[in-house]
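Secondary and tertiary structure notes
Next come the chains, spelled out residue by residue.
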Amino acid sequence: MFAIFLKFAENRAKAPEFMDAHKAWIKQGFDDGVFLMVGSVQPNMGGAVLAHGVSRGEIEARVNDDPFVIEGIVTAEILEISPARADPRLEFLMG
């Protein structure tokens, strides 16, 4: 499981220009069954993604394909989480 933090960078002002492509990248992550949740990091610092079911190399490649990353709008920090205990609703993350 991965927690990905997309923190605004020096090209932040270009975000509106690439928002549709970024949203398409997010949609693809959900369509592929990799993304569990996306949201904004407050206060207005960027975004976060929870992902699972892929290797570190696969998630790095996926993150590097985000138009916001490509254009330097955000920098990405990928944290790998090895779940040790979960609420029964999240048992699928344990395997």
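Read on for an overview of the structure.

So, how was this worked out
Residues numbered from 1 in each chain as written. Predicted model: local features only at pLDDT ≥ 70, side-chain atom pairs only at ≥ 80, totals over all residues. Heavy atoms only, no water. Helix = DSSP H or I, 4+ residues; strand = E, 2+ residues; numbered from the N terminus. Expected span 1.5 Å × (residues − 1). Bend = angle between axes of the 7 residues up to and from the residue. Buried < 20%, exposed > 50% of the residue type's maximum accessible area, 1.4 Å probe, protein only. Contact = heavy atoms within 4.5 Å. Pairing = 2+ DSSP bridges. Axes fitted to C-alpha atoms, helices over the stretch in contact; angles between N-to-C directions.

A few words now on helix 1 (residues 15-31). For helix 1, which comprises 17 residues, the first-to-last C-alpha distance of 23 Å matches the rise-based estimate of 24 Å (1.5 Å per residue) to within 8%. Of all the bends found along helix 1, the most pronounced is centred on Ala21 and spans about 30 degrees. When we look at burial in helix 1, the residues that qualify are Ala15, Phe18, His22, Trp25, Ile26 and Gly29. Of the surrounding elements, those touching the buried residues of helix 1 are strand 1 (2-8), strand 2 (35-41), helix 2 (56-64) and helix 3 (67-70). Directly beyond the C-terminal end of helix 1, a positive phi value near 75 degrees is found at Gly33.

A word on the sheet that holds strand 2. Taken in spatial order, the 4 strands line up as 2-3-1-4 in an open sheet, and their pairing is antiparallel. Only two strands of the sheet have a single partner each, and these edge strands are strand 2 and strand 4 (74-80). Averaged over neighbouring strand pairs, the angle between their axes works out to 15 degrees when direction is ignored. Note that strand 1 and strand 4 share 7 bridges and pair antiparallel. Within the sheet, the bridge partner assigned to Phe8 lies in strand 4 and is Val74. Here helix 1 sits on the sheet and contacts strand 1 and strand 2; the angle it forms with strand 2, its principal contact strand, is near 150 degrees. Here helix 2 sits on the sheet and contacts strand 1, strand 2, strand 3 (46-51) and strand 4; the angle it forms with strand 4, its principal contact strand, is near 165 degrees.

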